[in-house]
Amino acid sequence: MHPPHTDHPAAIDAALVRQVLSGRAEAFAALVDRHHARCLRLATHLLADSDDAEDVVQEVFVRAYRHLGNYRERDKFGAWLTRILVNQCRTRASRNARYVALDPAVHTADLVVSADDDAFARRAELARAMQQLVPEQREALVLRFSDELSYDEMATITGVGVSALKMRVQRACARLRTLLTERTPT
């Protein structure tokens, strides 16, 4: 099933949702195609385990399909789906007791660099520092900088107030700065 002809992503998603709700279940495949890569990237950042991330993304799309009737078109489908994803990652992480234990190998797999390359080393160092943040701070950083969400979008997804999210991001950045400075040889 091809998405409707329009350039606005939210309009495409809304039209696909309407098609699914009107009985064209195959339109859901187009929604999966449109959002799978972003969901997998976000889940991998939040869970730091590619197998867990893949499982969670599968669960998210099953849950989204089952609850598509609860989706309100005034919301962006991507934000609604991300809210489900974040909640599923939280559930999985608490069950596994390893929320956002970032694995540098997972987060550098897309880089084509040698092991002694500075970019590789910096990215691995950042991943190790991220492991030391509290889960709420890691989640806020990932949503803000990896998924490039506004604070209002983050608040909608997480159920946390904008000011609290800003504070989490600020504290996470300060903590990362300290951790990375401590590890930098003088």
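Refer to the structure printed above.
Please read these numbers as outputs of a predicted model, since none were measured by experiment. (Residues numbered from 1 in each chain as written. Predicted model: local features only at pLDDT ≥ 70, side-chain atom pairs only at ≥ 80, totals over all residues. Heavy atoms only, no water.)

## Some details on the side chain of Asp-147
Right, so step 1: Locating Asp-147 in the fold gives a position in the loop between helix 7 (135-146) and helix 8 (151-158).
Right, so step 2: Classification of Asp-147 as buried rests on a relative accessible area of 9%.
Right, so step 3: Within polar-contact distance, the side chain of Asp-147 engages the side chain of Arg-38 at 2.9 Å.
Right, so step 4: In contact with Asp-147, not counting residues within four places along its chain, are Arg-38, Arg-41, Leu-42, Thr-82 and Val-142. (Helix = DSSP H or I, 4+ residues; strand = E, 2+ residues; numbered from the N terminus. Buried < 20%, exposed > 50% of the residue type's maximum accessible area, 1.4 Å probe, protein only. Polar contact = N/O pair within 3.5 Å; in protein donor to acceptor, adjacent residues only side chain to side chain. Contact = heavy atoms within 4.5 Å.)

## Here's the deal with the packing of aromatic side chains
Right, so step 1: Counting across every chain of the model gives five aromatic pairs.
Right, so step 2: Ring geometry for Phe-77 and Trp-80: centres 5.6 Å apart, planes at 40°, overall tilted. Of this pair, Phe-77 and Trp-80 both sit in helix 4 (residues 77-96), three residues apart, which is roughly one turn of that helix. An identical accessibility class is assigned to Phe-77 and Trp-80; each is buried.
Right, so step 3: Among the aromatic side chains, those forming a connected cluster through ring pairs are Phe-28, Phe-61 and Tyr-65.
Right, so step 4: One Lys or Arg, Lys-166, reaches over the ring of Tyr-151 and ends 5.6 Å from the middle of that ring. (Phe/Tyr/Trp six-rings, centres within 6.5 Å; stacked < 30°, edge-to-face > 60°. Lys NZ or Arg CZ within 6 Å of the ring centre and 35° of its normal.)

## Observations regarding the packing of helix 2 (residues 27-47) against helix 3 (residues 50-66)
Right, so step 1: Viewed as axis vectors pointing N to C, helix 2 and helix 3 meet at an angle of 140°, and their least axial separation amounts to 9 Å. As far as their axial angle goes, helix 3 and helix 2 are oblique. Like other packed secondary-structure pairs, helix 2 and helix 3 cross with a definite hand, here right-handed. Only Asp-52, Ala-53, Glu-54, Val-56, Val-57, Phe-61, Ala-64 and Tyr-65 of helix 3 make contact with helix 2, whose side of the interface consists of Phe-28, Leu-31, Val-32, His-35, His-36, Cys-39, Leu-40, Ala-43, Thr-44 and Leu-47.
Right, so step 2: The residue makeup of the contact of helix 2 with helix 3, split by class, is 13 nonpolar, three polar and two charged. (Axes fitted to C-alpha atoms, helices over the stretch in contact; angles between N-to-C directions. Parallel < 35°, antiparallel > 145°, perpendicular 65-115°, else oblique. Left-handed = near helix turned anticlockwise from the far one by under 90°. Nonpolar A, V, L, I, M, F, W, Y, C, P; charged D, E, K, R; others polar.)

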